[in-house]
Structure formats: C-alpha cells, structure tokens
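Chain by chain, the residues run as shown.
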Amino acid sequence: MQGPKRRVLYVTLYELIAIAAATLGLAVLTGQGAGHSGVVAVAASAVAVVWNVVFNWAFERWEARQAVRGRGIGRRIAHAIGFEGGLVFTLVPLFAWWFNVSLWQAFVMDLALIVFFLCYTFVFNWVFDRVFGLPASALGHAAA
C-alpha cells in the first residue's frame, strides 16, 4: 500500500489508539476524570495529525534521497525521536494551559507520555510496515 491511502490509514489507526492511551494516561497523571483528559487528548491528536502529515512527508523526502534503503533500527529510532520531539513544543504549552500548571510541571507530567509515545511510535511503525509493507521511499529505486 502506497501514497495517500497509506497515509490516511496510518494516521487514522495511530491516532485512534493514541487518543485512548493518552486519555487514560492523562487521567491517571492528573487525577482528573477521563472526560477532562479526553478533551485535551483529542486536541493533542488534532495537533499530532497535522504534525504527522508534515513530519512524515519531510522524513520520506529525506529518506528517498538516502543511499541506504530500508528501515533499520537506527532510522526507526530517528523517526520516533523526531516525531515525538516535534510534538513536545506544542503539547507541553497545551497541557500547561488545560491543566492550569506551569510549563515545567506540564513538561514533567508529559515525560511519561513522551516515553510511552516514543515506544508506541516505534512499535506502531514497525507493525504497520510489516502488515502493509514499506513505503516506496524505503524500497529500492525500481519500486519507488
């Protein structure tokens, strides 16, 4: 599976699982109900969807220019860190505002989610690629 169909399926599956996990995690971390945490989880998901499209477009453009093809462990780690690192800059201020805490408190609170999502992103991408195949950018030149 390639192109826009792949991206839409990827983002949809990734974010549905992420909303459920973030709602639960934020409710536990803040002591507030799932309803309150769920609202910010959906907002964070919307931010993540936009970032996902932008980041993966840029990552695949970079990846297509690399001499080494495939997605080894190093490339997968770089992908996960780059994606999650970009989210920190938008989600920490959102969490600080929503939960009425300082940026530092929001960052500390977000650390557990960051660790979870780094692992989740890595595993999700690996499983997604195994189920649906690698994107053209990671295949040999003939397939791209």
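Heads up: the structure comes first, above all this text.
Residues numbered from 1 in each chain as written. Predicted model: local features only at pLDDT ≥ 70, side-chain atom pairs only at ≥ 80, totals over all residues. Heavy atoms only, no water.

Peer 1: Teacher, can you tell me more about empty space enclosed by the protein here?
Peer 2: Where empty space is left can be seen by rolling a probe of water-molecule size over the atoms. All told, the structure shown has two cavities of 30 Å³ or more when counted by the stated rule. Estimated volume of the largest cavity: approximately 210 Å³. If you go around the largest cavity, you meet 18 residues; those closest to its centre are Ala44, Glu84, Leu87, Leu91 and Phe117. Counting residues per element, the ones that place at least two in the lining of the largest cavity are helix H1 (3-30), helix H2 (34-64), helix H3 (73-99) and helix H4 (103-132). The leading source of residues in the lining of the largest cavity is H3, at six residues. The residue makeup of the lining of the largest cavity, split by class, is 14 nonpolar, one polar and three charged. As a volume, the second largest cavity reaches approximately 40 Å³. Forming the boundary of the second largest cavity are Phe59, Arg71, Arg75, Arg76, His79 and Asn125. Element by element, the count of residues in the lining of the second largest cavity is highest for H3, at three residues. Residue composition of the lining of the second largest cavity, by class: one nonpolar, two polar and three charged. (1 Å grid on protein atoms, 1.4 Å probe; cavity = no way out; pocket = protein on both sides within 12 Å on 5 of 7 lines; lining within 4 Å. Points joined across faces, edges and corners; volume = space filled by probe spheres on them. Helix = DSSP H or I, 4+ residues; strand = E, 2+ residues; numbered from the N terminus. Nonpolar A, V, L, I, M, F, W, Y, C, P; charged D, E, K, R; others polar.)

Peer 1: In this structure, what is going on with the layout of surface pockets? I would like to understand it.
Peer 2: By volume, the largest pocket amounts to about 270 Å³. Every residue lining the largest pocket is counted, 19 residues in all, and those nearest its centre are Arg6, Arg7, Glu60, Pro135 and Ser137. Counting residues per element, the ones that place at least two in the lining of the largest pocket are H1, H2 and H4. Residue composition of the lining of the largest pocket, grouped by class: seven nonpolar, seven polar and five charged.

Peer 1: Help me out: how do you make sense of a nonpolar patch on the surface in this one?
Peer 2: A cluster of nonpolar residues, Ile73, Ile77, Ile81 and Trp126, forms a patch on the protein surface that exposes about 400 Å² of accessible area. For the nonpolar patch, the element with the highest residue contribution is H3, accounting for three residues. In this fold, Ile81 is placed in helix H3. (Patch = residues over 30% accessible without salt bridge, like charges linked within 9 Å, V, L, I, M, F, W, Y side chains within 5 Å. Areas by Shrake-Rupley, 256 points an atom, 1.4 Å probe, with all protein chains shown as cover. Salt bridge = Lys/Arg side-chain N within 4 Å of Asp/Glu carboxyl O.)

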